[in-house]
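# An overview of the molecular structure
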Amino acid sequence: MSPANPQQQTPLLNALRDRTNHPHAPFYAPGHKGGQGISQPLIDLFGAAVFRSDLPELPELDNLFNPEGAIAEAQDLAAAAFGAKSTRFLANGSTCGIIAAILATCGPGDKIILPRNIHSSAISGLILSGAIPIFVNPEYNQEWDIANSITPEATAAALEQHPDAQAVMIVYPTYHGVCGDLRAIAQITHQYNIPLLVDEAHGAHFNFHPNLPEPALSAGADLTVQSIHKTLGAMTQASMLHVKSDRIDIQKLNRALQLVQSTSPSYLLLASLDAARQQIALHGKELMGQTLHLAEKARSRISLIPGLSVLEPLNTPGFAALDRTRLTVKVSDLGITGFAADEILHSQLAVTAELPMPRHLTFIISLGNTELDIDNLVKACTLLEGRRKKEEGSSATDVTDVTDVTDVRKKEDVRKKKSERRRKMSDGRFAHSPPLPLSPSPPLLSPREAFFFPAETVPADKAVDRLSAELICPYPPGIPVLMPGEIITPAAVDYLQQILAAGGKITGCSDRNLQTLKVVRQ
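Residues numbered from 1 in each chain as written. Predicted model: local features only at pLDDT ≥ 70, side-chain atom pairs only at ≥ 80, totals over all residues. Heavy atoms only, no water.

In any sheet, the strands associate via hydrogen bonds between backbone groups, in a parallel or an antiparallel arrangement. Spatial ordering of the open sheet is given by 11-13-15-14, a layout of four strands whose pairing is antiparallel. Of all the strands in the sheet, the pair left with one neighbour each is strand 11 (309-310) and strand 14 (355-356). Two elements, strand 14 and strand 15 (residues 360-364), share two bridges in a ladder whose sense is antiparallel. When the sheet's bridge partners are listed, L355 is paired in strand 15 with T362. (Pairing = 2+ DSSP bridges. Helix = DSSP H or I, 4+ residues; strand = E, 2+ residues; numbered from the N terminus.)

See below:
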């Protein structure tokens, strides 16, 4: 008889189930006492059972910051499933894992090499650690308005110029599923005997099917952070940090995680990590095979719709592989922005994308999607193209919802706005993201210095050529356009204002209308 597969076990989920079903008088937090004090509207939405499992760090449930029991066992199983030497569960999302990775490898004044299209959480890590960023611009695809990865050559050049750097951090894959040559970058990084840190938030599924890109740990990463909730079956905010080499000081990493994780982590989130690991470890190839099948079905059908294009692997620098479960559809040839298309799909056609951008939309296809989802997506994209044809035949109809059909002036205003939006798209002024800032590297002020430096508020047009005191980015994807200590460029200000005008969301700006910006006081 063959031994049982240890991946069948769910030690943390089992421990939480046992405590949930154990009758006792609770005199500990949380205050709702197993749901008995929860408001009825919340019970109506979620049901009562989930609140009975909302428990704190009881002895039987182990402790996230000193795991010896169920959490330790669950993390060990996750390490084995994902190919790591050790794994840490994250209840504060991948954001806390990225920050902790920087804190564990860089101190005040230490240099770290990283791409300029890094997530805002890495900038938070720079502010908290005091590390000095050495930014490398990623390769840029102008046709698609997409930043690829940085190249091995660019990484080597940065290390040659800054051999005292303490770490290299890479985004792999990007939000659009683009993967760089991580194996080559790892080899170059390790020549300097420093760790390669990877933001693999969107690649937690890579280890479970041969037709997906190579996992970061297999390619040579020393540490990687994965959002298990983004592409696998965990609850939102539940992530993992994996370590695979001795270049990472585990004790320092543990101390860093204590700084950025809640002392009252949700056991619902932690248990969901245990369950998601079991699911993907036991059934990963089957689940990912079905996901890839759905993705290919969507790709092949949408690519046939006139006016729409689907991102496929490109033979360009910084684009070594593509996660084919990530679907990016260019809509700009329809004469509309990704934001306008997103509004139509979401509010009128009941299909919601992950990421709208000026020229395209990106959709995450995962193990939770169905054949019906794909059919609805294809149908919505077909209708999107059909609406464009209808608009071309009528000067009084717009993709926006004009409810007062008797108001000719209102319809005329809508028509003019439509024409202006199309004109912006056609003349290129709204077609591309701004060039990534080329501030001095290292910067004039570190992100930490600029964050704590006295600031003043000035009109946006007067902020050009000043140093930003704010971390401002469209969200999603959460890639900063401006960050503390960086020179504000006219292109960056113009781009942010266009994103806002087109219906995009901007975070980090104290003036939500972007009429003013905070800058470092001179």
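Further remarks concern the packing of aromatic side chains. Within the structure shown, the criterion is met by four aromatic pairs. Centroid distance Y172 to F206: 6.2 Å. Interplanar angle 90 degrees. Geometry classified as edge-to-face. Of this pair, Y172 sits in the loop between strand 6 (167-171) and strand 7 (178-179) while F206 is found in the loop between strand 8 (196-199) and helix 9 (216-219), placing the two residues 34 residues apart along the sequence. Assigned by exposure class, Y172 and F206 land together as buried. Both rings, one in F451 and one in F452, keep their centres 5.0 Å apart while their planes meet at 80 degrees; by these two values the pair is edge-to-face. A relative accessible area of 54% places F452 in the exposed class. If you follow R116 out to its NZ or CZ, it ends over the ring of F135, 5.9 Å from the centre. (Phe/Tyr/Trp six-rings, centres within 6.5 Å; stacked < 30°, edge-to-face > 60°. Buried < 20%, exposed > 50% of the residue type's maximum accessible area, 1.4 Å probe, protein only. Lys NZ or Arg CZ within 6 Å of the ring centre and 35° of its normal.)

Another aspect to go through is the nonpolar core. Ranked by internal contacts, the top residues of the largest apolar core, which has 57 residues, are F82, F89 and I228. It is helix 12 (residues 267-302) that provides the largest number of residues to this core, a total of nine residues. Leave out the neighbours within four places in its chain, and I228 touches F82, A204, G233, A234, A238, S239, M240, L273 and A276. In this structure, L103, I123, A167 and V225 belong to the second largest nonpolar core, which totals 32 residues. (Core = buried A, V, L, I, M, F, W, Y, C linked by side-chain atoms within 4.5 Å. Contact = heavy atoms within 4.5 Å.)

Okay, the packing of helix 7 (residues 152-161) against helix 8 (residues 182-190) next. Where helix 7 meets helix 8, the axes come as close as 9 Å, and the angle between the chain directions of the two elements is 15 degrees. Taken together, the axis directions place helix 7 and helix 8 in an arrangement best described as roughly parallel. Where helix 7 crosses over helix 8, the handedness of that crossing is right-handed. Counting all contacts with helix 7, which are made through P152, T155, A156 and L159, the residues of helix 8 involved are A184, I185, I188 and T189. (Axes fitted to C-alpha atoms, helices over the stretch in contact; angles between N-to-C directions. Parallel < 35°, antiparallel > 145°, perpendicular 65-115°, else oblique. Left-handed = near helix turned anticlockwise from the far one by under 90°.)

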